[in-house]
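Understanding the architecture of this molecule
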Amino acid sequence: QVQLVESGGGLVQPGGSLRLSCAASVSIFSINPMGWFRQAPGKQRELVAIIISSGATNYADSVKGRFTISRDMAKNTMTLQMDSLRPEDTAVYSCYGVSGGVPIWGQGTQVTVSS
């Protein structure tokens, strides 16, 4: 069973940075696409960033220019570098992937942006 495990969440001040990681239990060559979603209290879950097998990426308009998604194929990890964080970025961030046509979710990690 493929598992995705996030790490790197926490509390940061506005304007600060955090780096989230998603470790896969299998080679991420077999997981396509991969991405990050987030859900804030009282709001619907939204796609933050996605990366496909070619390396092409796409971002939500609200995070373009501030967040960067990437993969390390050797380490079977995906990361989300988050810079210039804003209070409205506060949410539970979840790693997502599709393996063999089956969607897989991580357990989520809390990101709180507050002074």
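Note: the structure precedes this text.
In short, a report on the structure.

Cut-offs and rules
Numbering of residues starts from 1 in every chain and runs along the sequence as written. Restriction of local features to residues with pLDDT of at least 70 applies here, the model being predicted, together with a cutoff of 80 or more for giving and counting side-chain atom pairs; totals for whole chains, interfaces and linings are based on all residues. Note: side-chain values were computed over all heavy atoms of the structure, leaving out hydrogens and water. Secondary structure elements follow DSSP: runs of H or I of four or more residues count as helices, runs of E of two or more count as strands, with numbering from the N terminus. The quantity called the radius of gyration is restricted to C-alpha atoms. Its globule counterpart is 2.2 Å times the number of residues to the power 0.38. To sort residues, take the accessible area from a 1.4 Å probe on protein chains only and compare it with the maximum for the residue type: under 20% means buried, over 50% means exposed, and anything in between is partly exposed. By definition, residues are in contact when any of their heavy atoms lie within 4.5 Å. A pair of strands counts as paired when DSSP detects no fewer than two bridges linking them. Fitted lines through C-alpha atoms give the axes, limited to the stretch in contact for helices. The angle between two N-to-C directions lies from 0 to 180 degrees. Aromatic rings from Phe, Tyr and Trp, taking only the six-membered ring of Trp, are treated as a pair when their centres fall within 6.5 Å; an angle between ring planes under 30 degrees marks them as stacked, one over 60 as edge-to-face, and anything in between as tilted. What counts as a disulfide here is a pair of cysteine sulfur atoms lying within 2.5 Å.

Let us now look at the overall build of the protein chain. Helix and strand content of the protein chain: 0 helices and 11 strands. Taken against the 2.2 N^0.38 rule, which gives 13 Å for 115 residues, the C-alpha radius of gyration of the protein chain at 13 Å falls within 12% of a compact globule. For the protein chain, the spread of C-alpha atoms along the principal axes amounts to about 40 × 25 × 20 Å. Expressed as a percentage of its 115 residues, the buried residues of the protein chain come to 42%. Restricting to contacts in the protein chain with at least 6 residues of sequence separation, those with at least 24 account for 53%.

Ordered in space as β1-β3-β8-β7, the 4 strands form an open sheet in which the pairing is antiparallel. Lying at the two open borders of the sheet, with one neighbouring strand each, are β1 (4–7) and β7 (67–72). Each adjacent strand pair in this sheet contributes to an overall mean axis angle of 15°, direction not counted. Across 6 bridges, the pairing between β7 and strand β8 (residues 77–82) is antiparallel. When the bridges of β8 are listed, D72 appears paired with T77.

The element strand β9 (residues 91–99) is largely enclosed, with a buried count of 8 among its 9 residues. Sheet analysis places strand β4 (residues 31–39) next to β9, joined by 7 bridges and oriented antiparallel. For I31, the partnering residue across the bridge sits in β9 and is S99. Examined bridge by bridge, β9 and strand β11 (residues 109–113) share 3 bridges and lie antiparallel to one another. Across the sheet, A91 pairs through a bridge with V111, a residue of β11. Relative to strand β10 (residues 102–105), β9 runs antiparallel, the two sharing 4 bridges. Each bridged residue has a counterpart across the sheet, and for Y96 the counterpart in β10 is W105.

Per the stated rule, a full pass over the model turns up 3 aromatic pairs. Aromatic side chains F37 and Y96 sit 5.3 Å apart centroid to centroid with 75° between the ring planes, which places their arrangement in the edge-to-face category. Here the residue F37 occupies a position in strand β4, and Y96 occupies one in strand β9, the gap between them amounting to 59 residues. A relative accessible area of 17% means that F37 is categorised as buried.

Turning our attention to the state of the cysteines. Scanning all chains against the criterion turns up 1 disulfide. The disulfide bridge from C22 ends at C95, spanning 1.8 Å between sulfur atoms. Between C22 and C95 the disulfide shows an S-S torsion of about -70°. By sign, it is left-handed. Taken together, the positions of C22 in strand β3 (residues 18–24) and C95 in strand β9 put the pair 73 residues apart, joining distant regions of the chain.

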